[in-house]
Amino acid sequence: MVGWLMVEAGATDVPEISVNWYQDIVDAAADSPQPVQWFAGHFTEVSILLLGVLLLVAAFTRLGGGPRDRALALVAPVPVVLAYGCSEWLKTVVDEDRPCRAATRVIIAGSCPPPGDWSFPSNHSTIAGALAVATLLLSRRFGLIAAPIAALAAFSRTFVGVHYPHDVVAGVLLGALVVLLVTPLLARPTAELLRRRSRQAEGPVTDPVGGAGRR
């Protein structure tokens, strides 16, 4: 069901420019055709699944490579989960209320999250940003597909009325930053571990006269 609300800038403890942008976006959402509203309401959830599939496909393309490629494929999901955890922690620190609960007449495609489910930063946007950057680190081709999907996923959170613009921008940046910082830290030792295991699996090299040669 689509509900009608209107946010009042004076009732929110957020940057005024973000409130104004939020109002402009949800006003446009209210005037958009019903199919657009339906698409936005569903895409805001489905987009995360699409990005997850792209990450898995990109990781699969790296599994047949060397230790570094395989290490990147194996550790890619870890910083995404960590980014989500960081966004959840920030929510408890900031305690910013959802715009859809401080409102009286803006379109909301779906229901407003319950009290205690804070607004800053956007979890969806954090995960979308993290998945897109992780995919890009694995595959430029799939990453260039993931990037616009992530941007649209973040925008949709404001379009449906559940986040302010600064919530989604902060979420995307947080997800991207965590992935960029954590992925190399995890990939290097993982690649080295894979190299050692590969050398151990090969066993000692035998010399031409039957003796065990040095590796």
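*Asks:* Mind showing me how you'd approach the side chain of S119 here?
*Replies:* One can find S119 in the loop between β2 (103-109) and α5 (123-138). Ignoring any residue separated from it by four or fewer positions in sequence, one finds S119 in contact with K91, E96, D97, R98, P99, V162, H163, Y164 and D167.

*Asks:* Is there a simple way to think about the nonpolar core in this case?
*Replies:* Soluble globular proteins tend to bury their nonpolar side chains together. Among the nonpolar cores identified, the biggest contains 32 residues, and L51, L55, V80, A128, L131, L138 and V179 are the most heavily contacted of them. Looking at this core, the elements that each hand over two or more residues are α2 (34-62), α3 (67-75), α4 (77-94), α5, α6 (140-159) and α7 (165-202). Once residues lying within four places of it in the same chain are set aside, the contact partners of A128 are I48, L51, A150 and A153. Listed in part, the seven residues of the second largest apolar core include A29, A40, F159 and V162.

*Asks:* Any chance you could explain the confidence of the model for the protein here in plain terms?
*Replies:* When pLDDT is low, close inspection of the predicted coordinates is not appropriate. Across the protein, pLDDT averages 82, with 82% of residues at or above 70. The secondary-structure element of the protein with the lowest mean pLDDT is strand β1 (residues 2-7), recorded at 44, while α5 shows the highest, at 95. Segment residues 1-12 is flagged for pLDDT under 50; beyond a separation of four residues in sequence, or across chains, it makes 45 contacts in the model.

*Asks:* Quick question: what am I supposed to make of the environment of L82 here?
*Replies:* Within the secondary structure layout, L82 lies in helix α4. Along the chain, L82 and V179 lie 97 residues apart, while their C-alpha atoms are 8.5 Å from each other. Among residues more than four places away in sequence, those in contact with L82 are V178 and V182.

*Asks:* In this structure, what is going on with the environment of F39? I would like to understand it.
*Replies:* As for its position among the elements, F39 is in helix α2. Separated by 117 residues in sequence, F39 and S156 have C-alpha atoms that sit 9.7 Å apart.

*Asks:* How should the packing of aromatic side chains be read in this particular structure?
*Replies:* Given two aromatic rings, their pairing is described by the distance between the two centres and the angle made by the two planes. Across all of its chains, the model carries three aromatic pairs by this definition. Their ring planes at 45° and their centres at 6.0 Å tell us that F155 and F159 sit as a pair that is tilted. With F155 and F159 both in helix α6 and four residues apart, the pair spans about one turn of that helix. You can call F155 partly exposed: its relative accessible area is 39%.

*Asks:* How should I be thinking about unusual backbone geometry in this particular structure?
*Replies:* Note on backbone geometry: most residues besides glycine have negative phi, and most peptide bonds are trans. Here the residue pair F120 and P121 is connected by a cis peptide bond, since its omega of -10° sits within 30 degrees of zero. For D95, which is not glycine, the phi dihedral falls at a positive 55°. You can see D95 is positioned in the loop between α4 and β2.

*Asks:* Hey, could you run me through a nonpolar patch on the surface in this one?
*Replies:* Taken together, the side chains of W38, F39, L152 and F155 make up a nonpolar region of the molecular surface, amounting to roughly 430 Å² of accessible area. Listed by contribution, the elements that provide at least two residues to the nonpolar patch are α2 and α6.

*Asks:* I would appreciate a short explanation of the pattern of salt bridges in the present structure.
*Replies:* Pairs may arise between side chains of opposite charge once their charged atoms sit close together. Scanning all chains against the criterion turns up five salt bridges. Its salt-bridge partner being E192, residue R196 comes within 3.8 Å of it at the nearest N-O pair. Of this pair, R196 and E192 both sit in helix α7, four residues apart, which is roughly one turn of that helix. On the accessibility criterion, E192 (30% relative accessible area) is partly exposed. Linked through salt bridges whose partners overlap, the residues forming this network are E192, R195 and R196.

*Asks:* How should I be thinking about the packing of α3 against α4 in this particular structure?
*Replies:* Helix packing for two helices is described by the angle between their axes and how far apart those axes are. In the contact formed by α3 and α4, the axes pass within 5 Å of each other and the chain directions differ by 30°. Considering the angle they form, α3 stands roughly parallel to α4. Counted together, A73, L74 and V75 of α3 and P77, V78 and P79 of α4 form the full contact between these two elements. Its residues placed into classes, the contact of α3 with α4 shows six nonpolar, no polar and no charged.

Parameters and conventions
- Residues numbered from 1 in each chain as written.
- Predicted model: local features only at pLDDT ≥ 70, side-chain atom pairs only at ≥ 80, totals over all residues.
- Heavy atoms only, no water.
- Helix = DSSP H or I, 4+ residues; strand = E, 2+ residues; numbered from the N terminus.
- Contact = heavy atoms within 4.5 Å.
- Core = buried A, V, L, I, M, F, W, Y, C linked by side-chain atoms within 4.5 Å.
- Buried < 20%, exposed > 50% of the residue type's maximum accessible area, 1.4 Å probe, protein only.
- pLDDT = per-residue confidence, 0-100.
- Phe/Tyr/Trp six-rings, centres within 6.5 Å; stacked < 30°, edge-to-face > 60°.
- Patch = residues over 30% accessible without salt bridge, like charges linked within 9 Å, V, L, I, M, F, W, Y side chains within 5 Å.
- Areas by Shrake-Rupley, 256 points an atom, 1.4 Å probe, with all protein chains shown as cover.
- Salt bridge = Lys/Arg side-chain N within 4 Å of Asp/Glu carboxyl O.
- Axes fitted to C-alpha atoms, helices over the stretch in contact; angles between N-to-C directions.
- Parallel < 35°, antiparallel > 145°, perpendicular 65-115°, else oblique.
- Nonpolar A, V, L, I, M, F, W, Y, C, P; charged D, E, K, R; others polar.

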